[in-house]
Number of protein chains: 2
Amino acid sequence: MPERKKDTKRKEPKDKQQKQKPMQKKKVEGAALIGIDVAKEDDLGEWYQQVLTKGGMLAYYDVAGCYILKPWSYAIWEHIQGWFNERIKKMGVKNCYFPIFISADNLQREKDHVEGFAAEVAWVTKGGKSDLEKPVAVRPTSETAMYPYFANEIRSHRDLPLKLNQWSNIVRWEFKHPMPFIRSREFLWQEGHTAHLTLDEASTEVLQILDHYAGIYEELLAVPVVKGLKTENEKFPGAEYTTTIEGYIPATGRGIQAGTSHCLGQHFSKMFDIKVEDPSPVKEGEQKKPPIHVWQNSWGLTTRSIGVMVLTHSDNKGLVIPPRVADIQVVIVPVGVTAKTSDEDKEKLYKEIDDIASTLRNASVRVETDMREGYSPGWKFNDWELKGVPLRIEFGPKDSAAQAVTAARRDKEGKSQIAIAEIGSAVPTLLETIQADLFAKAKADFDAARKQVTAWDEFVPALDAKNVCLIPHCLGDKCEDEIKELSARKNQETTEEAHDARAPSMGAKSLCIPYEQPAQDLSGGETQCLNPNCGQKAKKWVLFGRSY
Amino acid sequence: MPERKKDTKRKEPKDKQQKQKPMQKKKVEGAALIGIDVAKEDDLGEWYQQVLTKGGMLAYYDVAGCYILKPWSYAIWEHIQGWFNERIKKMGVKNCYFPIFISADNLQREKDHVEGFAAEVAWVTKGGKSDLEKPVAVRPTSETAMYPYFANEIRSHRDLPLKLNQWSNIVRWEFKHPMPFIRSREFLWQEGHTAHLTLDEASTEVLQILDHYAGIYEELLAVPVVKGLKTENEKFPGAEYTTTIEGYIPATGRGIQAGTSHCLGQHFSKMFDIKVEDPSPVKEGEQKKPPIHVWQNSWGLTTRSIGVMVLTHSDNKGLVIPPRVADIQVVIVPVGVTAKTSDEDKEKLYKEIDDIASTLRNASVRVETDMREGYSPGWKFNDWELKGVPLRIEFGPKDSAAQAVTAARRDKEGKSQIAIAEIGSAVPTLLETIQADLFAKAKADFDAARKQVTAWDEFVPALDAKNVCLIPHCLGDKCEDEIKELSARKNQETTEEAHDARAPSMGAKSLCIPYEQPAQDLSGGETQCLNPNCGQKAKKWVLFGRSY
C-alpha cells in the first residue's frame, strides 16, 4: 500500500495548474503546436503535465490533489483489472465491497496502524446542514473496515482461508505536493485482505501476489521492477513484514514504490479478536490447545502504476503506451488523398481501409481508423503520437497499388511495409515486439542505474548521477535515518516542492532488501555497514535511493 | 438516479441490527436451524434481513446506513457491469473516473439540482487534525463534478457527442430509515453523462439507455419493469425530463424506482457554459448564428437492483438467484455415501462428480462441487437453498448405476433425472428455463397488480390490496400532492419506520406515465382527473402507487 508517509507538512499543496505560469516555454524541436512544448530532460514536471493532459490521459480538477482519469488512462486501469482479476480468482480470491466510511473506534484499534495514517485521514463531520453525532473517516485503507467482519465470519478453521479483494477509491489527505497518478489525495486501487491458519500459508500467498504485481508492471506496462523486502523503517504500519516491488524513474534517478504485499502476522487478528480453535488433534493426556489467532495478509496496487508507465516510456512527442494496455493499439490513417483525388478513388481507398481494419479486428487487434475530414495526415500523425498509440498504419493509393501498408512504430523512428496478405499475423507479432522492446529498453536503463556501492564516498555522487545504490547495510533503523540525512544536499533549498520540480536533493531512503542479492555474501559478518558513522556489520545488500 | 428525496427528517436512522431484538421469532415450518426463521408474509423486514445475511449476500456494518457487499452479491453486480459495459461501449460510451469530492462552488451552480441534494450531502471538513480551508462535498451524483470538464473539453461540434460513464460509489447522507440495497448512505452505481448537438440525438440516447436498464432487470435479474416518463413532481432535480423503469414488490404492493435516464436539456450546459459554434451553414445575407448550448443526458442504475431482485424472487427457504447472474449456477452434492461405503466406491463416485463438473464447465456452466466432509446431504441442500443456487444436482451410487443425475430446481418443488450423456446440453437449457420461469412468475404478479382504476372510491382499497394503480390524471403537480395526502392512512402511525416495518400506509405518489398507455384514449379531453377535488380533465394514464 504505497503512498503512505508518516510526517506531513500542514499546508495546502498547489497543483501545477493552479500556478498561473506562461504556457509557452522552451520549445521542443520539430514539435507541432498541438504537441509537447517542453523537453522531458529540461523540465520533467512541466513535461509530465503536458504529456498527461495533451495526450488525453488526465484533466485537472478544482479540488487540489484530485484528478480526472479520462477514458484513455481509465482503459489502462481496466486492462490491469482484467489481468489481475483472472489471476486472483484462480487463487480463490473473491471480489466484494466494504463501505468507504470507517468509525473512529475501529480506525484506532491497531496502534501502529493508526499512527501511520492518522495525519492524513479525511473526516466527514456534516450531513446536509447537521453535524454528525460521530464523525466518520474516509478509508485510507480498509484493514480496520474489514477485520471486525473477519472476526464475525471466521468461526472455525473450516472458514479459512478467507480471501477477499475489492477495487475501490482511497482517500489520503496529504499535504505534500501532489503529482498526478503518483501522489494524489484520491486514487483507485485494489486491496486484498486474506486470513490463514498458518504463517506458512500466509507467507506463500504474499509472494504469489508480489509475483502478480511484478507481472502487471513487467508484462502489461513494460516497466521493470525489483522485488524485495521492506526494512523495518519502511514497512506498512501494523505489518509483520512488507514485500514490495520497486520501480525506477530514469529521468530523475529516483526509485518509486510500485506495489506492496504485506504479511500482517497476528497484529490485527489479536486486536480484532479473529481466532479459531486449533484443529490439530489433541493427544491423550494433553491439555486442550489454546485458540489460534489467524495469520493475515493485505496487498494493494494503485493507479500510481499508470504514472510510472508514463514517466518510463513517454518522450518529447508525447505518450508511449505499451500495446498490451493500449485501448487503441493500431490507428489507420489515410494518406495521399488530395483535392484531385476522385470521389470514386477515395471511396475505394476508404473501403480498403475498412477491410484492413476488419482483418485486424478479427485478429483481436484493437484498431481505429482516423477518417476525420479537415485534418492533414501530418496533423493526425502528431495527434496519435501525442496519445501514444503503439502502431500507426498509413494507407494511400501507392500502398494500395503495392497491396501493402506502411507501418510506423511509436517507439522507434522509421517506417516499414507490411503486405496486406500477411497483416493478420504480422501486426499482432509486431505489437508483441514493440511490447518486448519497450520492456528491454526500460530494463537496460534500470539495470544500468543500479550501482553496487561499497565506499561511502561514492554513494552520494552515484545518487547525484541518477542511480539507485545497492549497499551493504546493518538493517538498523536509526542508521537508515542517518543515511537519509547524510545524503541530502544541504546547501540547496530542500522543500518538497523543489524536489519535485528539479533534480532530487532529498536524502536517500531504503527502497528494499532485494530478494536477488549480489554474489558477494554478507552472512560471514566481515563487511562493515556503508554508513561511516555506523560501526555495525552489514547484514544485507539494501537498495537505497532518492524516491517518490 | 434513484433514491433522491427532497424532504428528510433530521434524526439518525436505526439499522435493524442495532435494535437488540430476540433472534428467535415465529418459526417457519420445516426450516432448519441454519435457515430463515420468519416467514416473508409475516414480517418482510425481518425476513429480508435474514435472507440477505444468512444467504451470504450482505453483512451489517458499524456505520449506520452502510453495508458490506459480500462476494455473493458483488458477483451479481459484476455480471451487471459486464452486460452493461458491452452495450454502452457499442454506443460509443467510454468509461472514466472523476473525483469523489466536489467543491461547494461547483455543487451549487445549478439551482434546482442543489436544492434537490443539499439536505443529504456529506461534507469532509477535516484532514488529519486540521480543518480544511474549504470543506468538500462527497459526490451525491456527479453532474457538477463533470460539467466544468465538459465545458473545457467541448470546443467544437466535432467534439460531440461526448459520452462518458463511470462505475463509482455514491454517498447520500439520508436520515430516513435505511434498508440494505434499497436505501443506503453509500451505494454503488454507474452514471453516464453525455453531451449532444441536438435535442433529438439526446432524446434518442435517453431511450436506448432506458431499454438497456429494462434489459438488466428483465433479462438478467428476471424482474419485470414498466417504462415511462416521470411527472414534473418526480423528475430529477435539474432535468428537462426523466424517464424511468419502475418495479413492483409483491410482498408489500409497493412500487420501486429501478433506474432512471434523464434528458437534462440545456439546464446544466447554460449554467456551466458548455457550448459550440452552430455548425449549420450560414446563408448569404444571414447573420452569424449564436452558439449552441449542448444538450445533455445523465443516467444511473444502482446496486438497489440487487435488492429488488431479492425481494422479488426469494422465499422462506432463502435466496433465489436467477441463473444468468448467479456466480454458482449449479452445485453438485454427493449423496448416498454412508459409513459402509468403501473408500474405493467413494473415490469412484467423486471421480464421476468431477467429470460431470468438467462437462458442465466446458458447456460454460458455473458449477461447484460440495465435497465438504462432516455435513449431511440434507444440511448441504438447505445451505445451498439458503444461498439461492438455481440448480442442485445430487449424485450417488444409484444415480451412477443409472448413468443419470438427480436435478432439483431452486424455484420449484420436485426433482428430475438427467442422463449424464445429455448433461452438457440439458443443464444449460434447464438454466434458461429457470430464468424464463422466474421472469414469467414475477411478470404475472406485476401484471395482476397493475389495476386500472377510474373511480376514486376504488383507489385506496386497491392500494390497500397491494396494487399499483393506473389512473386518469391531469398531470398537475399540486393535484399529485393532494392524491398523496388523500391516500395516506391517517388513522395509523405514519412514521417512515412504521412504513418500512409493516403494510405501507403512506400516500401514493406517481411512479410514472407509462409509455404503454391503456387502450382508452384520453386525448379527447372527456375524462376527469381521478382526484375528486381536482376538477381538471385527465391528460394521461399515470401509474400511482405506494413506493420505496
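Look up a bit, the structure's there.
Residues numbered from 1 in each chain as written. Chains lettered and ligands numbered in written order. Predicted model: local features only at pLDDT ≥ 70, side-chain atom pairs only at ≥ 80, totals over all residues. Heavy atoms only, no water.

Focus on the interface of chain A and chain B
Working step 1: Listed by partner, the interface residues are 58 residues for chain A and 58 residues for chain B.
Working step 2: Carbon and sulfur atoms supply 59% of the area buried between chain A and chain B, which totals about 4700 Å² over both sides.
Working step 3: Of all residues in chain A, Tyr61, Tyr97 and Phe101 of chain A bury the most surface against chain B, accounting for 14% of the area lost on that side.
Working step 4: Our enumeration of links across chain A and chain B arrives at 4 salt bridges.
Working step 5: Among the ionic pairs, glutamate 78 of chain B bridges to lysine 89 of chain A, the shortest N-O distance being 3.5 Å.
Working step 6: Joining chain A to chain B, the criterion identifies 30 residue pairs in polar contact (both at pLDDT 80 or more).
Working step 7: At 6 residues, the largest contribution of residues to the side of chain A that touches chain B is made by strand β5 (residues 122-127) of chain A.
Working step 8: In the side of chain A that touches chain B, the residues fall into 33 nonpolar, 9 polar and 16 charged.
Working step 9: Both β5 of chain A and strand β5 (residues 122-127) of chain B contribute to a ladder of 5 bridges, which runs antiparallel. Bridge pairing links tryptophan 123 of chain A to lysine 126 of chain B in β5 of chain B. (Contact = heavy atoms within 4.5 Å. Buried area = accessible area lost by both parts, 1.4 Å probe. Salt bridge = Lys/Arg side-chain N within 4 Å of Asp/Glu carboxyl O. Polar contact = N/O pair within 3.5 Å; in protein donor to acceptor, adjacent residues only side chain to side chain. Helix = DSSP H or I, 4+ residues; strand = E, 2+ residues; numbered from the N terminus. Nonpolar A, V, L, I, M, F, W, Y, C, P; charged D, E, K, R; others polar. Pairing = 2+ DSSP bridges.)

Topic: the pattern of salt bridges
Residue and element names in this part refer to chain B.
Working step 1: All told, the structure shown has 62 salt bridges over all chains when counted by the stated rule.
Working step 2: Among the salt bridges present, the one from aspartate 383 reaches arginine 372, with a minimum N-O distance of 2.9 Å. With a gap of 11 residues between them, aspartate 383 in helix α10 (residues 377-387) and arginine 372 in the loop between β16 (367-369) and α10 connect regions that are remote in the sequence.
Working step 3: Assessed through its relative accessible area of 9%, aspartate 383 is described here as buried.
Working step 4: Close ionic contact of arginine 392 with glutamate 394 constitutes a salt bridge, the shortest N to O distance being 2.8 Å. (Buried < 20%, exposed > 50% of the residue type's maximum accessible area, 1.4 Å probe, protein only.)

Some remarks on the packing of helix α2 (residues 71-90) of chain B against helix α8 (residues 304-313) of chain B
Residue and element names in this part refer to chain B.
Working step 1: Between α2 and α8, whose axes approach to 10 Å, the crossing angle comes to 115 degrees. Taken as axis vectors, α2 and α8 run roughly perpendicular relative to one another. Of the two elements, α2 crosses α8, and the hand of that crossing is right-handed. Contact with α2, carried on its side by Ser73, Ile76, Trp77 and Ile80, involves Ser305, Ile306 and Met309 of α8 and no other residues of that element.
Working step 2: Residues of the contact of α2 with α8, tallied by class, amount to 5 nonpolar, 2 polar and no charged. (Axes fitted to C-alpha atoms, helices over the stretch in contact; angles between N-to-C directions. Parallel < 35°, antiparallel > 145°, perpendicular 65-115°, else oblique. Left-handed = near helix turned anticlockwise from the far one by under 90°.)

Observations concerning the packing of aromatic side chains
Working step 1: Within the structure shown, the criterion is met by 36 aromatic pairs over all chains.
Working step 2: Residues phenylalanine 101 of chain A and tryptophan 173 of chain B carry aromatic rings whose centres are separated by 5.6 Å and whose planes lie at 80 degrees to one another, so their mutual orientation is edge-to-face. You can see phenylalanine 101 of chain A sitting in strand β4 (residues 101-103) and its partner tryptophan 173 of chain B sitting in the loop between β7 (162-171) and β8 (186-196), one on each of two chains.
Working step 3: Residues tyrosine 147 of chain B and phenylalanine 150 of chain B carry aromatic rings whose centres are separated by 5.2 Å and whose planes lie at 65 degrees to one another, so their mutual orientation is edge-to-face. On the criterion of helical spacing, the pair formed by tyrosine 147 of chain B and phenylalanine 150 of chain B is a turn pair, its members being 3 residues apart in helix α5 (residues 143-153).
Working step 4: The class for phenylalanine 150 of chain B is buried, based on a relative accessible area of 0%.
Working step 5: Geometry around tryptophan 83 of chain B places arginine 87 of chain B over its ring, the cationic atom sitting 3.8 Å from the centre. (Phe/Tyr/Trp six-rings, centres within 6.5 Å; stacked < 30°, edge-to-face > 60°. Lys NZ or Arg CZ within 6 Å of the ring centre and 35° of its normal.)

Topic: the pairing of β5 of chain A
All names here are of chain A.
Working step 1: Counting buried positions along β5 gives 5 out of 6 residues, so the element sits mostly inside the fold.
Working step 2: Pairing geometry for β5 and strand β6 (residues 130-138), over 4 bridges, is antiparallel. Residue pairing across strands places tryptophan 123 opposite alanine 137, the latter belonging to β6.
Working step 3: Where β5 folds back onto β6 in an antiparallel hairpin, the turn is made up of 2 residues, including glycine 128, whose phi is positive at roughly 60 degrees.

Side note on the sheet that holds strand β19 (residues 415-419) of chain B
Residues and elements named next belong to chain B.
Working step 1: The strand order across the open sheet formed by 5 strands is β16-β15-β17-β18-β19, and the pairing between neighbours is mixed. Edge positions in the sheet fall to β16 and β19, since each has one partner strand and no second. In this sheet, adjacent strand axes meet at a mean angle of 30 degrees when their direction is disregarded.
Working step 2: Here strand β18 (residues 404-409) pairs with β19 via 5 bridges, running antiparallel. In the strand pairing of β19, valine 405 is matched with isoleucine 418.
Working step 3: Together, β15 (330-334), β16, β17 (391-395) and β18 form the strand contacts of helix α9 (residues 343-362), whose direction differs from that of β15 by roughly 170 degrees.
Working step 4: Taken strand by strand, α10 contacts β15, β16, β17 and β19, and its axis lies near 170 degrees from that of β15.

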